[in-house]
Amino acid sequence: MSGIQTRRFLLIALAALVIAAWTGVLMRFGMVYGFPFWAQNFGAIRHAHSHLMYFGWVTLGLMALIWHRLPALTGRPLPRGVRWQMAATALMALLSFPAFWANGYGLTQIGPARLPLGSMVAAWNGLTWFVFIGFYVRATRGLPVRPVPVQLWDWALFLLLLASGGALGLMALVFTRAENPFLQQFFLHQFLDLFAVGWFSLALLGVLWSMVEEPPRRLPTFSLALLVTPTFLLGMSPGSLSPLLFWVAALANVGAATLLAVHGVQLWRRRADLGPMLAPALAGLAGVVLVAGALLWPGVWEENAGGQMRVFYLHNLLLLWVSTALLGAIEVAFPGVGRRTLRWANAVWVIGVVAMVVALVGLALAPRVGMSQLPWLHGAAWASLFVAVAATAIWGLALVRHRVGAEKLSSQVLPVGAKAVH
């Protein structure tokens, strides 16, 4: 895709982030002050928020950046049809929001029929991912040398396929109306956790390494994917997991975290190529590594596998690590954006995300020390407002720059070593 086409899809991804962020504001303030009459189904709203973040923000943004960076790494043009695949991915991702808002994964009355709209749209999203994988295989088949970013994308897509198997399992349970709590948890976390920890993290690492002028020749790729694979079991209820499976998953999790730390250290050494958003993002990655080590302590996993502590972990992973790093990578694709204003927007984003993570830790720990959760609920609500305002500002800056410079930028291709502006 040309630079102008890449930016169009990145703007759609940023728009999805904005919508999801303001939905987060609605949920957080709703927990404190009550929900409006048109937003009473909290579970469905939570599904709409999370799926738009997964499908519309991170997945679409990563795919756009992969297609943009890939030709410089392979020396080949992209396959025909990539634009249509990206358009279909964007459309299906955006449709996930109203589909899940209606009734989550439940059945929704449409005329005389009761349809699982969320499951249906999730399936359509999955079809576009398979098309992406097919085009990617065609674009990279037979490369004499596979650079580190390409290796990471290879295994990221392998984990995306595994995660998709979990989504198919969930849909099968819905359509068959099977009541099996173990399979429901197994498929749910196979999808959500491999999608986030696997596909997101490895694909994002590939994007970041593609922005570095001289990446190391050897970094953990296959071993990282292999160790990540069983870690989704840690998302399941402690009562449903045998001690053997727990230790397999926990030790693999520590190994994967160690290899992620290797990437983090090497990226930090090359931070001049990656811009100021790298530092807070790597702080989030460090949090992921520390949590992996803490789970080995007796009783920690059993007491914290669900509830508020898991909410904290997901926000640290998806907001502080993945979304912050992805924002930094996307900002490089919009040269000429007002850098002073962008620095302020980035600062508001980091403040909001860090405050959100801290508030969520407080929410999890407050009952254990006899403290009220209300101050932490207020803190999380106001932090979510900072995040939404910053996301809206960054999207607006990118949109203005895209419109003003569309004709000039249409002929510009970002080189593989394009640097972030500090």
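Throughout this document, residue positions are counted from 1 along each chain, in the order its sequence is written. Where local features are concerned, this predicted model is filtered to residues with pLDDT of at least 70; where side-chain atom pairs are given and counted, the filter is 80 or more; whole-chain, interface and lining totals use all residues. Water and hydrogen atoms play no part in the side-chain values, which are based on all heavy atoms of the structure.

Let's shift gears to the overall build of the chain. A count of helices and strands for the chain gives 14 helices and two strands. To get the radius of gyration, use the C-alpha atoms; to get the globule rule, take the number of residues to the power 0.38 and multiply by 2.2 Å. By the compact-globule yardstick of 22 Å for 422 residues, the chain fits well, its C-alpha radius of gyration being 21 Å. Dimensions along the principal axes, computed over C-alpha positions, put the chain at roughly 55 × 50 × 45 Å. Residues count as neighbours in contact if any of their non-hydrogen atoms are within 4.5 Å of one another. Across the chain, the fraction of contacts at a sequence separation of at least 24, relative to all contacts at a separation of at least 6, is 82%. Computed with the Shrake-Rupley method and a 1.4 Å probe, the accessible areas treat only the protein chains shown as cover for residues. As presented, the chain carries roughly 17,800 Å² of accessible surface, and 69% of it is formed by carbon and sulfur atoms. Only DSSP runs of H or I covering at least 4 residues are called helices, and only runs of E covering at least 2 are called strands; the numbering of each starts at the N terminus.

A few words now on the packing of helix H11 (residues 308-332) against helix H12 (residues 339-365). Inter-axis angles, ranging from 0 to 180 degrees, are taken between N-to-C directions of lines fitted to C-alpha atoms, where helices are fitted over the stretch in contact. One can describe the packing of H11 onto H12 by two numbers: an axis separation of 8 Å at closest approach and a directional angle of 170 degrees. In terms of axis orientation, H11 runs roughly antiparallel to H12. By residue class, the composition of the contact of H11 with H12 is 17 nonpolar, six polar and two charged. Our angle categories are set so that under 35 degrees counts as roughly parallel, over 145 as roughly antiparallel, 65 to 115 as roughly perpendicular, and the remainder as oblique. Residue classes follow a fixed rule: Ala, Val, Leu, Ile, Met, Phe, Trp, Tyr, Cys and Pro count as nonpolar, while Asp, Glu, Lys and Arg count as charged, and any other residue, Gly among them, counts as polar.

Nonpolar cores were defined as sets of buried Ala, Val, Leu, Ile, Met, Phe, Trp, Tyr and Cys residues, with membership established by side-chain atoms within 4.5 Å. Note on exposure labels: buried denotes an accessible area under 20% of the residue type's maximum, exposed denotes more than 50%, and partly exposed covers the range between, all computed with a 1.4 Å probe on protein chains only. Among the nonpolar cores identified, the biggest contains 136 residues, and Trp57, Trp67, Phe195, Trp199, Phe200, Trp321 and Trp349 are the most heavily contacted of them. A total of 16 residues in this core trace back to one element, the largest contributor, which is helix H2 (residues 42-74). Beyond its immediate chain neighbours, meaning those up to four positions away, Trp321 contacts Ser201, Leu204, Leu205, Leu208, Ala281, Leu282, Gly284, Leu285 and Asn316.

What follows deals with the environment of Trp129. Locating Trp129 in the fold gives a position in helix H4 (residues 117-140). In this structure, the C-alpha to C-alpha distance between Trp129 and Phe55, residues 74 residues apart in sequence, is 9.9 Å.

Before going further, it helps to spend a moment on the pattern of salt bridges. Whenever a carboxyl oxygen of Asp or Glu lies within 4 Å of a side-chain nitrogen of Lys or Arg, that contact is scored as a salt bridge. The final tally for this structure, using the stated rule, is two salt bridges. In this structure, the salt-bridge partner of Asp154 is Arg146, at a minimum N-O distance of 2.7 Å. Note that Asp193 and Arg310 form a salt bridge whose closest N and O atoms lie 2.8 Å from each other. Pair noted here: Asp193 is in helix H6 (residues 181-210) and Arg310 is in helix H11, with a separation of 117 residues, a long-range link. A relative accessible area of 16% places Arg310 in the buried class.

What follows concerns the packing of H2 against helix H3 (residues 82-103). It is at 7 Å that the axes of H2 and H3 come closest, and there the two elements cross at 170 degrees. Comparing the axis directions of H2 and H3 gives the class roughly antiparallel. For the contact of H2 with H3, the per-class residue count stands at 17 nonpolar, eight polar and no charged.

The aromatic pairing rule takes the rings of Phe, Tyr and Trp, using the six-membered ring of Trp, and pairs them if the centres are within 6.5 Å, calling planes under 30 degrees apart stacked, those over 60 edge-to-face and the rest tilted. Taken as a whole and judged by the stated rule, the model has 21 aromatic pairs. When the ring of Trp155 is compared with that of Phe158, the centres are 5.6 Å apart and the planes differ by 80 degrees; the resulting orientation is edge-to-face. With Trp155 and Phe158 both in helix H5 (residues 148-176) and three residues apart, this pair spans about one turn of that helix. Residue class for Trp155 comes out partly exposed when judged on its relative accessible area of 26%. Under the relative-accessibility criterion, Phe158 is labelled partly exposed at 35%. Among the aromatic side chains, those forming a connected cluster through ring pairs are Tyr54, Phe55, Trp129, Phe191, Phe195 and Phe200. A ring is considered to have a charge above it if a Lys NZ or an Arg CZ atom is located within 6 Å of its centre and within 35 degrees of its normal. Taking NZ or CZ as reference, Arg271 lies 4.1 Å from the ring centre of Trp268, over its face.

This part takes up the environment of Ser384. Looking at the element boundaries, Ser384 is found in helix H13 (residues 374-404). Taking relative accessible area as the criterion, Ser384 reaches 4% and is therefore assigned buried. For Ser384 and Trp349, which are 35 residues apart along the polypeptide, the C-alpha to C-alpha distance reads 9.5 Å. Setting aside chain neighbours within four positions, we find Ser384 in contact with Gly24, Val25, Arg28, Phe29 and Met356.

Tracing the backbone through its elements, the reader meets Phe312 in helix H11. Under the relative-accessibility criterion, Phe312 is labelled buried at 14%. Separated by 234 residues in sequence, Phe312 and Leu78 have C-alpha atoms that sit 39 Å apart. In this structure, Phe312 is in contact with Val291, Val357, Leu360 and Val361, ignoring residues within four places of it in sequence.

Time to look at a nonpolar patch on the surface. Among the surface-exposed residues, Trp124, Leu127, Phe130 and Leu161 lie close enough to one another that they form a single nonpolar patch of about 370 Å² accessible area. Ranked by residues supplied to the nonpolar patch, first place goes to H4 with three residues. Each patch groups residues whose relative accessible area exceeds 30% and which form no salt bridge, using 9 Å between like charges and 5 Å between nonpolar side chains of Val, Leu, Ile, Met, Phe, Trp and Tyr.

In a helix, the anticipated span is given by 1.5 Å times the number of residues less one. An ideal rise of 1.5 Å per residue puts 44 Å on 30 residues; H6 measures up with 42 Å between its terminal C-alpha atoms. Most of H6 is tucked away: 23 of the 30 residues are buried. N or O atoms within 3.5 Å of each other form a polar contact, as long as, within protein, one can give a hydrogen and the other can take it, and as long as residues adjacent in sequence are counted only when both atoms are side-chain atoms. N-capping of H6 is provided by Asn180, with a side-chain oxygen placed 3.2 Å from the backbone N of Phe182.

Moving on: the side chain of Thr59. Mapped onto the fold, Thr59 is located in helix H2. Leave out the neighbours within four places in its chain, and Thr59 touches Tyr54, Trp129, Phe195, Trp199 and Phe200.

Structurally, Ser164 is set in helix H5. Residues in contact with Ser164, not counting those within four places in the same chain, are Trp129 and Phe130.

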